[in-house]
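Chain by chain, the residues:
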Amino acid sequence: KAPIDRGEIDDSQNPSVEFWVDAGKLRVVDSDLSANDRAEVQTTMEGPRVLATDRFPQIHFRSTTIQKTGAGHWIVRGELDLHGNTRPVEVAVTEQDGSYRGSATLKQRDFGISPVSIAGGTVKVKDSVTVEFEVVAAR
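Throughout, residues of each chain are indexed from 1 in the direction in which the sequence is written. Whole-chain, interface and lining totals are the exception, using all residues; otherwise, since this is a predicted model, local features are given only for residues with pLDDT of at least 70 and side-chain atom pairs are given and counted only at 80 or more. Water and hydrogen atoms play no part in the side-chain values, which are based on all heavy atoms of the structure.

Draft legend 1. Region of interest: the nonpolar core. Residues belong to a common nonpolar core when they are buried Ala, Val, Leu, Ile, Met, Phe, Trp, Tyr or Cys residues joined through side-chain atoms within 4.5 Å. Whether a residue is buried, partly exposed or exposed follows from its accessible area with a 1.4 Å probe, protein chains only, as a fraction of its type maximum: under 20%, in between, or over 50%, in that order. Within the largest apolar cluster, 25 residues are counted, with the highest numbers of intra-cluster contacts made by Leu 51, Ile 59, Leu 80 and Val 89. Numbered from the N terminus, helices here are DSSP runs of H or I no shorter than four residues, and strands are runs of E no shorter than two. Of all elements in the fold, only strand E2 (16-22), helix H1 (35-46), strand E3 (58-70), strand E4 (73-82), strand E5 (85-96) and strand E6 (99-107) reach the threshold of two or more residues within this core. With four residues, the top contributor of residues to this core is E4. Contacts were defined at the residue level, with two residues in contact if any of their heavy atoms lie within 4.5 Å. Discounting chain neighbours no more than four positions away, the residues touching Ile 59 are Phe 19, Trp 20, Val 21, Ala 23, Leu 26, Leu 80, Asp 81 and Leu 82.

The structure is reproduced here in structure tokens:
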């Protein structure tokens, strides 16, 4: 879980979206983990083996195209800068009452991150990670 540090949504004729997330504010919220395991995952995620938040403090997304697929539905394509690597990402987005929701599946290796295991190997992170989001646009 992470708050958006700053961002912009342009819903004009040429729509676009861009936002930044402070990588150091990402929080592990997996309720299936014990508090100790969640703390270990948090430390590992922030550390040099995964996000390296001291070297790469910002996560940045900038749309390149937005395709409307129906009322309140879009396919958003863009570039995600994560861990010093920029890769294309495609996201299906829905809007309801000013709240935009969607998800994207990322491969950690595409961003130079090797999946890790912690807690004596009992917690293993897969290469594919699904990122879910909800953004409420301020007017």
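Additional details are given in the paragraphs that follow.
Draft legend 2. Structural detail: the packing of aromatic side chains. When the centres of two rings from Phe, Tyr and Trp lie within 6.5 Å, Trp using its six-membered ring, the rings pair. Their planes under 30 degrees apart give stacked, over 60 give edge-to-face, and anything left gives tilted. Inspection of the entire model under this criterion finds two aromatic pairs. With a centroid separation of 6.0 Å and an interplanar angle of 45 degrees, the aromatic rings of Trp 74 and Tyr 100 are classed as tilted. Note that Trp 74 is positioned in strand E4 and Tyr 100 in strand E6, a separation of 26 residues in sequence. Neither Trp 74 nor Tyr 100 differs from the other in exposure class; each is buried.

Draft legend 3. Inspection of the sheet that holds E5 at higher detail. Taken together, seven strands build an open sheet; the order of strands is E1-E2-E3-E4-E5-E6-E9 and the sheet is antiparallel. This sheet does not close on itself; its edge strands, each paired only once, are strand E1 (4-10) and strand E9 (128-136). Taking the axes of each pair of neighbouring strands and ignoring which way they run, one obtains an average angle of 20 degrees across the sheet. The pairing of E3 with E4 spans nine bridges and is antiparallel. From the neighbouring strand, Ile 66 faces E4, where its bridge partner is Val 76. DSSP calls a pair of strands paired once it identifies at least 2 bridges connecting them. Here, axes are lines fitted to C-alpha atoms. For helices the fit covers the stretch in contact, and angles between N-to-C directions go from 0 to 180 degrees.

Draft legend 4. Highlighting the pattern of salt bridges. Salt-bridge detection follows one rule: a side-chain nitrogen of Lys or Arg within 4 Å of a carboxyl oxygen of Asp or Glu. This model, assessed by the stated rule, comprises five salt bridges. In this structure, Glu 90 engages Arg 77 in a salt bridge whose closest nitrogen and oxygen atoms are separated by 3.0 Å. Placement of the pair is Glu 90 in strand E5 and Arg 77 in strand E4, with a sequence separation of 13 residues. Its salt-bridge partner being Asp 127, residue Arg 109 comes within 3.9 Å of it at the nearest N-O pair. With Arg 109 in the loop between E6 and strand E7 (117-118) and Asp 127 in the loop between strand E8 (123-124) and E9, this residue pair connects regions lying 18 residues apart in the sequence.

Draft legend 5. Quick look at the pairing of E4. Between E3 and E4, which pair antiparallel one after the other, the connecting turn spans two residues, and Gly 72 there sits at a positive phi close to 75 degrees. As defined by bridge partners, E4 adjoins E5 across ten bridges and the pair is classed as antiparallel. Bridge pairing in E5 places Glu 79 opposite Pro 88. Hairpin connection, E4 to E5: the antiparallel pair is bridged by two residues, and His 83 has positive phi, about 60 degrees.

Draft legend 6. Representation of H1 within the structure. What a helix should span is 1.5 Å times the count of its residues minus one. In a regular helix each residue adds 1.5 Å, so twelve residues correspond to 16 Å; H1 covers 17 Å between its end C-alpha atoms and thus fits that length. Within the sequence span of H1, burial applies to Val 41, Gln 42, Thr 44 and Met 45.

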